[in-house]
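Topology and contacts: notes
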Amino acid sequence: MAQVIKLRKGLNINLEGKASNQRVAVKPSGEYALVPEDFIGVMPKVVVKEGEQVKAGDALFVNKKFPEVAFASPVSGTVTAVVRGERRKLLCVKVKADEKQSYRDFGVKDPAQLDGEAVVKRLLEGGLFGYIYQLPYAVSTTPDTKPKAIFVSAFRDMPLSADFDMELQGNEKAFQTGLTALSRVAKTYLGISKEQSSGALASMKNVEVNVFDGPCPAANVGVQVNHLDPVNKGEVVWTVNPTVVIFIGRLFDEGKVDLRRTIALAGSEMANPCYADVVVGQPLCDVLAGHFDGREHTRLISGNPLTGRKCSLDGYVGALASEVTAIPEGDDNDEMLGWIMPRFKQFSANRSYFSWLFGKKREYTLDARVKGGERHMIMSGEYDSVFPMDIYPEYLIKAIITGNIDKQEQLGIYEVAPEDFALAEFVDSSKLELQRIVREGLDLLRKENA
């Protein structure tokens, strides 16, 4: 029977526009693009040229420091552009898709018959190894790391986040194969929600299943690592997005790289919020046709409103983002008396507005405004109320800001990722960009320990 871990700290934010269980198919696009920015910590080096023919599964770029870590093309076709920005930073590699898709054949293999080294070799060959992340540093992992454990969180609880059960439908076999493959590398933990404890996920084999019962961010893999097998200095754990587990399973079951996935189209500004069957790298203008028209005063986000990245219709489906959300920007609001007005339709974590009188299940339409400027950090315990980890978040943030590496290590920086501070950033009265601060702290620590 699965172990149940109850969490008390956290905060559920119910936003209007959650995707319904309706699923729509998106027509194939003419052009796709793989974006290196989706893979944090990777220094990309292009290995194709414009005009070159590629198959789905062929490498478009590699990690410059570890050339064996390749990133596979999501489709077959002709490389049309290698787009660079300032200082020749690689922005994306575009591929014009063939009408009839062809796949590089890697051969079907049963991961249960392989050892860990053979599994890693297969992931490197298929261009999927770079999709695996690691703690510490919360970056794309490298072949020289030896994880003591692997963690997969099979549920999502951020505002407007996609329900993984929708993506799992029809992919149960591939998901189990992916878990089996990971279990050959190291002990693998599968985290599920209380609602999933009676479904197919609870009976997955070759993994240790744990039920996390509590408010957001119980689904954060960093929270699960903290409660099951904390990371100490010198140790490494791998964290794998559940969608990537399906990609891995298909590689072993079908012998090809198949980057089809299901994402949520959500948010109060999205017409008919639903789920869409897409391919990694598909243009957002094609995916959102009929759902979002790019109107003014609206923010489009690749990901959820708390941890996602601002994007536009010129962007592409992210490799790891499980939703595309649209919320009001808020730059056209002209409110009388500003913050002092009594509010009944806006959310407040500390009951500053009267909206709390209407109950916890009410849905809110929040915009992207910060509602205040950055100010001195106040040691008020705000972060602790929404931070369900055995860490002092306020002291850790101060240690990062001051650059005190010894204190950062003592306070548990090896266990955290920027997303773990998303809720703390939301409730922070000091208006600090906590996720950015944590990311900079992790990058500095990684550089110092290199």
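What you see as residue numbers is a count from 1 along each chain, following the sequence as written. In view of the model being predicted, local features appear only for residues whose pLDDT reaches at least 70, and side-chain atom pairs are presented and counted only at 80 or more, with totals across whole chains, interfaces and linings using the full set of residues. Hydrogens and water are ignored here; the side-chain numbers use all heavy atoms of the structure.

Things to note about the overall build of the protein chain
- Numbering of helices and strands starts at the N terminus; helices are DSSP runs of H or I of at least 4 residues and strands are runs of E of at least 2. When helices and strands are tallied, the protein chain shows 10 helices and 20 strands.
- The globule rule used for comparison is 2.2 Å times the number of residues to the exponent 0.38, while the radius of gyration itself is calculated over C-alpha atoms. For 450 residues, the compact-globule estimate of 2.2 N^0.38 gives 22 Å, and the C-alpha radius of gyration of the protein chain, at 22 Å, lies within 12% of that figure.
- In terms of its C-alpha atoms, the protein chain occupies a principal-axis envelope of roughly 65 × 50 × 45 Å.
- Per-residue accessibility, obtained with a 1.4 Å probe over protein chains only, is compared with the maximum for each type, and a residue is labelled buried under 20%, exposed over 50%, and partly exposed between these values. With 450 residues in all, the protein chain has 55% of them scored as buried.
- For the area figures, the Shrake-Rupley method with a 1.4 Å probe applies, and any residue is considered shielded solely by the protein chains shown. Accessible surface computed for the protein chain: about 20900 Å², of which carbon and sulfur atoms make up 49%.

Some remarks on the side chain of Glu269
- On the secondary structure map, Glu269 appears in the loop between strand 16 (260-266) and strand 17 (274-279).
- Identification of polar contacts relies on pairs of N or O atoms within 3.5 Å, with a donor-acceptor requirement for protein atoms, meaning one able to donate a hydrogen and the other able to accept it, and with residues adjacent in sequence counted only if both atoms are side-chain atoms. A distance of 3.4 Å separates a polar atom in the side chain of Glu269 from a polar atom in the side chain of Ser268.
- With residues up to four places along the chain from it excluded, the contact list for Glu269 reads His291, Phe292, Arg295, Thr298, Ala326, Ile327 and Pro328. Between two residues, a contact is recorded if the distance between any of their heavy atoms is within 4.5 Å.

Thoughts on the sheet that holds strand 14 (residues 208-213)
- Strands pair, by our definition, only if DSSP identifies at least two bridges between them. With mixed pairing, 7 strands are arranged side by side in an open sheet as 1-14-13-12-15-10-11. The two strands at the open ends of the sheet, each matched to only one other strand, are strand 1 (3-6) and strand 11 (139-140).
- Alignment of strand 12 (residues 149-153) against strand 15 (residues 237-240), held across 4 bridges, turns out to be parallel. For Ala149, the partnering residue across the bridge sits in strand 15 and is Val237.

Topic: the sheet that holds strand 8 (residues 77-84)
- Spatial ordering of the open sheet is given by 3-9-8-5, a layout of 4 strands whose pairing is antiparallel. Strands at the two margins of the open sheet, each flanked by one partner only, are strand 3 (31-34) and strand 5 (53-54).
- With 7 bridges joining them, strand 8 and strand 9 (residues 90-97) adopt antiparallel strand pairing. Residue pairing across strands places Val82 opposite Val93, the latter belonging to strand 9.

Thoughts on the environment of Lys146
- Along the chain, the position of Lys146 falls in the loop between strand 11 and strand 12.
- Residues Lys146 and His291 lie 145 residues apart in sequence; the distance between their C-alpha atoms is 44 Å.

A look at the pattern of salt bridges
- Salt bridges are defined as contacts in which a side-chain nitrogen from Lys or Arg sits within 4 Å of a carboxyl oxygen from Asp or Glu. Inspection of the entire model under this criterion finds 20 salt bridges.
- When the shortest N-O distance is used, the salt bridge between Glu440 and Arg436 registers 3.1 Å. In this pair, Glu440 and Arg436 are both assigned in helix 10 (residues 434-449), 4 residues apart and thus about one turn of the helix distant.
- On the basis of relative accessible area, Glu440 is assigned to the partly exposed category, the value being 44%.
- Arg436 gets classed as partly exposed once you look at its relative accessible area, which sits at 37%.
- Each of the salt bridges in this network shares a partner with another, and the network as a whole consists of Lys148, Asp229 and Glu235.

Topic: the nonpolar core
- For this analysis, a nonpolar core means a set of buried residues of the types Ala, Val, Leu, Ile, Met, Phe, Trp, Tyr and Cys, connected via side-chain atoms within 4.5 Å. Judged by nonpolar contacts, the single largest core of 61 residues is most densely connected at Tyr131, Phe175 and Leu190.
- Counting residues per element, this core draws most heavily on helix 5 (residues 242-254), at 7 residues.
- Other than its neighbours up to four places away in sequence, Tyr131 contacts Leu34, Phe39, Val244, Phe247, Leu259, Val280, Ala319 and Leu320.
- In this structure, Leu366, Leu396, Ile413 and Ile437 belong to the second largest nonpolar core, which totals 57 residues.

A few points about the environment of His291
- With respect to the helices and strands, His291 occurs in the loop between helix 6 (284-287) and strand 18 (298-302).
- For His291, a relative accessible area of 10% gives the class buried.
- Measuring from C-alpha to C-alpha, the distance between His291 and Met270 comes to 5.7 Å, with 21 residues separating the pair along the chain.

Notes on the packing of aromatic side chains
- Classification of ring pairs rests on two measures: the distance between centres of Phe, Tyr or Trp rings, Trp counted by its six-membered ring, which must be within 6.5 Å, and the angle between planes, read as stacked under 30 degrees, edge-to-face over 60 and tilted in between. Under the definition given, this model contains 10 aromatic pairs.
- Seen in terms of ring centroids, Phe39 and Phe71 are 4.5 Å apart; in terms of plane orientation they differ by 45°. Their pairing is tilted. Placement of the pair is Phe39 in the loop between strand 3 and strand 4 (44-46) and Phe71 in strand 7 (residues 66-72), with a sequence separation of 32 residues. By the burial criterion, Phe39 is buried, and Phe71 matches it.
- An angle of 70° between the planes, with centres 6.4 Å apart, marks the rings of Tyr137 and Tyr414 as edge-to-face. Taken together, the residues Tyr137 in the loop between strand 10 (133-135) and strand 11 and Tyr414 in the loop between helix 8 (405-410) and helix 9 (422-427) connect sequence positions 277 residues apart. Comparing Tyr137 with Tyr414 shows no difference in burial state: the two are buried.
- What links up through ring pairs into an aromatic cluster is the set Phe39, Phe61, Phe71, Tyr131 and Phe247.

Some words on a nonpolar patch on the surface
- Put simply, a patch holds well-exposed residues, over 30% relative accessible area, that have no salt bridge, with like charges counted together within 9 Å and Val, Leu, Ile, Met, Phe, Trp or Tyr side chains within 5 Å. Taken together, the side chains of Met379, Tyr392 and Tyr395 define a hydrophobic patch exposed on the protein surface, amounting to about 360 Å² of accessible area.
- As for its position among the elements, Tyr395 is in helix 7 (residues 393-402).

Let's talk about helix 7
- Of all the residues in helix 7, the buried ones are Pro393, Glu394, Leu396, Ile397, Ala399 and Ile400.
- Contacts made by the buried residues of helix 7 are with helix 8 and helix 10.
- In the segment just after helix 7, Gly403 is the residue with positive phi, at about 75°.

Looking at the packing of helix 3 (residues 172-183) against helix 5
- Only the contacting stretch of a helix is used when fitting its axis, a line to C-alpha atoms as for every element, and angles between N-to-C directions run 0 to 180 degrees. Taken N-terminus to C-terminus, the directions of helix 3 and helix 5 make an angle of 90°; their axes are 7 Å apart at the nearest point. One element, helix 3, and the other, helix 5, form an angle in the roughly perpendicular class. When helix 3 is examined against helix 5, the residues Lys173, Ala174, Phe175, Thr177, Gly178, Leu179, Ala181 and Leu182 are found in contact with a partner set consisting of Pro242, Val245, Ile246, Ile248, Gly249, Arg250, Phe252 and Asp253.
- As a working rule, the residues Ala, Val, Leu, Ile, Met, Phe, Trp, Tyr, Cys and Pro are called nonpolar, Asp, Glu, Lys and Arg charged, and the rest polar, with Gly in that last group. In the contact of helix 3 with helix 5, the residues fall into 10 nonpolar, 3 polar and 3 charged. Note on angle classes: values under 35 degrees are labelled roughly parallel, values over 145 roughly antiparallel, values of 65 to 115 roughly perpendicular, and the remainder oblique.

With respect to helix 4 (residues 221-228)
- Burial runs high along helix 4: 6 of the 8 residues are buried.
- On its buried side, helix 4 packs onto strand 10, strand 12, strand 13 (188-193), strand 14 and strand 15.

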